[in-house]
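Descriptive structure summary
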Amino acid sequence: MFGLGKPTGQEKAGGSGGFPNMACVGDFNVLSSSIPATKVELSVSCRNLLDRDTFSKSDPICVLYTQAIGNKEWREFGRTEVIDNTLNPDFVRKFIMDYFFEERENLRFDFYDVDSKSPNLSKHDFLGQMFCTLGEIVGSQGSRLEKSIVGIPGKKCGTVIVTAEELGCCRDSVLMQFCANKLDKKDFFGKSDPFLVFHRSNEDGSFTICHKTEVVKNTLNPVWQAFKISVRALCNGDYDRTIKVEVYDWDRDGSHDFIGEFTTSYRELSRGQSQFNVYEVINPKKKGKKKKYVNSGTVTLLSFLIETEVSFLDYIKGGTQINFTVAIDFTASNGNPSQPTSLHYMNPYQLNAYGMALKAVGEIIQDYDSDKMFPALGFGARLPPDGRVSHEFALNGNPQNPYCHGIDGVMEAYYRSLKSVQLYGPTNFAPVINHVARYAASVKDGSQYFVLLIITDGVISDMAQTKESIVNASKLPMSIIIVGVGPAEFDAMEELDGDVVRISSRGKFAERDIVQFVPFRDYIDRSGNHVLSMARLAKDVLAEIPEQFLSYMRVRGIKPSPAPPPYTPPIHVLQTQI
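Conventions adopted
Residues numbered from 1 in each chain as written. Predicted model: local features only at pLDDT ≥ 70, side-chain atom pairs only at ≥ 80, totals over all residues. Heavy atoms only, no water. Pairing = 2+ DSSP bridges. Helix = DSSP H or I, 4+ residues; strand = E, 2+ residues; numbered from the N terminus. Axes fitted to C-alpha atoms, helices over the stretch in contact; angles between N-to-C directions. Buried < 20%, exposed > 50% of the residue type's maximum accessible area, 1.4 Å probe, protein only. 1 Å grid on protein atoms, 1.4 Å probe; cavity = no way out; pocket = protein on both sides within 12 Å on 5 of 7 lines; lining within 4 Å. Points joined across faces, edges and corners; volume = space filled by probe spheres on them. Nonpolar A, V, L, I, M, F, W, Y, C, P; charged D, E, K, R; others polar. Disulfide = S-S within 2.5 Å. Core = buried A, V, L, I, M, F, W, Y, C linked by side-chain atoms within 4.5 Å. pLDDT = per-residue confidence, 0-100. Contact = heavy atoms within 4.5 Å. Domains from an automatic or database assignment. Buried area = accessible area lost by both parts, 1.4 Å probe.

**Points about the sheet that holds strand 2 (residues 60-67)**
- Taken in spatial order, the four strands make up an open sheet running 3-2-5-6, and their pairing is antiparallel. On the outer flanks of this sheet lie strand 3 (74-79) and strand 6 (125-133), each paired with one strand and no other. The mean inter-strand angle of the sheet, taken between neighbouring strand axes irrespective of direction, is 25°.
- The pairing of strand 2 with strand 5 (residues 106-113) spans seven bridges and is antiparallel. Across the sheet, the residue bridging to P60 is D113, located in strand 5.

Here it is, written out as structure tokens:
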């Protein structure tokens, strides 16, 4: 993934002379060499910055850093322009970043008061900094995060407001229809069999094919069916980029005859049906040979309709909360927690597999849950005082209120319950799935979505009941992640995953695929770099969540709520006494 801190908008004249166009390429990230789910544009504003200039106000600049996953090294991503003489800057230059729900992207915003034209930051006064994750910004109400600036002991450094906006061109599609008139006749016995081929131009002037219409047989005046294409595929989001359209006469042997071509652009096409969108089809060879050559027919745009695909971020921005619940396997097959061979062993120096999996997934999901209160459950243990076996008990010991504060609160409750319960059995999943399903069934309006993380060492005892629970839950706003720890065979889990064969129970198939299973052992980094291996684990188990989320919303016809209006700080009017 190349993060490109590409500035947009007009620069403020003056003040930024020593800072060339700072569009710098971030580090290539091995984990994210997939196509980004979407791009977001970050806008930065500050209020009440420190004043470092004696005779005037500070001249602030904002520098954004991103953190490499493996070595935690901070790298500069880009800089805004410098704004002269203000403690309340609204920076014009934006940061455009690739956004992946399933990754934790750590960000650091540093602020400086620029005193000279030098691009070297150590030559300028430091005004403080703010740390956050990209998920935190996106997951805040209205995708707008306000945080205190820190970094100068004993001083109030003001606040920073960062807003994330998903770039629209990433998800617009166009529905277009064309017809043609008086095309050249290419076939000896009948009329032509025309079809269109669309190409988008690349930065280097070459062309890439992006769409072919169907063939309309035996006519010089074809009307092609309407077709849908994403704006990204048509012009890569650049509205003025050339689009070349070729017209061919179809031949059975594949040697299609070239009738002619024309060029246009997204901007021209977006004018819709008009005199601007009637194109002469030109065959350059014929034009060169024949003086009286006019054209090889015309192609007319009949309709042009822009459709915006709603995205995962639209729902998050509109206030949909993601509720995270964790369920931990306390069956005896995990081994005695006081022994180092146990999967539940509490090593004072290192997290066990349960702790690692919980932290890896939880730290990403928590950014999308505003109250940061997570129900934490256990199953397969004997509980004090009477030793009864439970398959859904609260890790914090409070069945009325199983919520823990933050991922750290969940970890604490997990360690505490290991000391008080007795590992037992069997391994039943259905009770914890049904527990979350009861909550999910009570809010089906799209305002909440539930993610259940089950961490288990293995062989499931209630397969039939679990399948039934999953089939029933597939109608609800929920997804299930299963992480298998330890050396057991996890064949049954693969069946629950439903990627190959959709899961069914008593002849009823799941409405959608809601289970994602991964074996923890596939992510153990031989070099001992747990940070990188846990980032990979989180990426693989969370990557399917946005699509599972959208499939629920689509099936139910739930549209995202409008985002709350942007916040404007109140202006205090000073009342003067006369």
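**Things to note about unusual backbone geometry**
- Residues P384 and P385 are joined by a peptide bond in cis, for which omega reads 0°.
- Summarising the element assignment, P385 is placed in the loop between strand 19 (381-383) and strand 20 (388-390).
- Residue N48 is not a glycine yet carries a positive backbone phi of 60°.
- Residue placement: N48 occurs in the loop between strand 1 (38-47) and strand 2.
- Judged by relative accessible area, N48 falls into the exposed class, the value being 56%.
- A positive phi angle, near 50°, is found at K182, a position not held by glycine.
- On the secondary structure map, K182 appears in the loop between strand 9 (172-181) and strand 10 (194-201).
- Classification of K182 as exposed rests on a relative accessible area of 67%.

**A short note on empty space enclosed by the protein**
- Inspection of every chain in the model, using the stated rule, returns two cavities of 30 Å³ or more.
- What lines the largest cavity is a set of 14 residues, and nearest its centre among them are F100, E103, R104, E105 and G135.
- Taken together, the elements giving at least two residues each to the lining of the largest cavity come down to strand 4 (95-99), helix 1 (134-139) and helix 6 (353-365).
- A class-by-class count of the residues in the lining of the largest cavity yields six nonpolar, two polar and six charged.

**Comments concerning the state of the cysteines**
- On inspection of all chains with the given rule, the structure shows zero disulfides.
- C46 supplies the cysteine sulfur nearest to C157, a cysteine that is in no disulfide, at a spacing of 11 Å.
- Given the relative accessible area of 1%, C157 is considered buried.

**Here we look at the nonpolar core**
- Counting 88 residues, the largest nonpolar core has L42, F109, F111, I137, F330, V483 and L542 as its most contacted members.
- Examining the composition of this core, we find that nine residues originate from one element, helix 6, more than from any other.
- If you look at the next biggest cluster of nonpolar residues, it comprises 30 residues, including V436, V443, F450 and M493.

**Considerations on the confidence of the model for the chain**
- Scored by pLDDT, the chain has a mean of 87; 91% of the residues are at 70 or more.
- Across residues 1-36, confidence stays below pLDDT 50; counting only partners more than four residues off in sequence or on other chains, it has 91 contacts.

**Some points on the sheet that holds strand 15 (residues 278-280)**
- Across the sheet, four strands lie side by side as 12-9-16-15; this open sheet has antiparallel pairing. At either margin of the open sheet sits one strand with a lone partner, and together these are strand 12 (227-230) and strand 15. With direction set aside, neighbouring strand axes in the sheet form an average angle of 35°.
- As paired strands, strand 9 and strand 16 (residues 298-308) are joined by 10 bridges and run antiparallel to one another. Bridge pairing links L175 to L305 in strand 16.

**Let's talk about the domain arrangement of the chain**
- Each assigned domain of the chain is listed with its residue range as follows: domain 1 (38-166), domain 2 (172-308) and domain 3 (323-556).
- Domain 1 and domain 3 are separated by 36 Å when their C-alpha centres are compared.
- Facing 13 residues of domain 1, the contacting portion of domain 3 comprises 14 residues.
- Regarding the contact of domain 1 and domain 3, the summed buried area is about 1200 Å², with carbon and sulfur atoms giving 63% of it.

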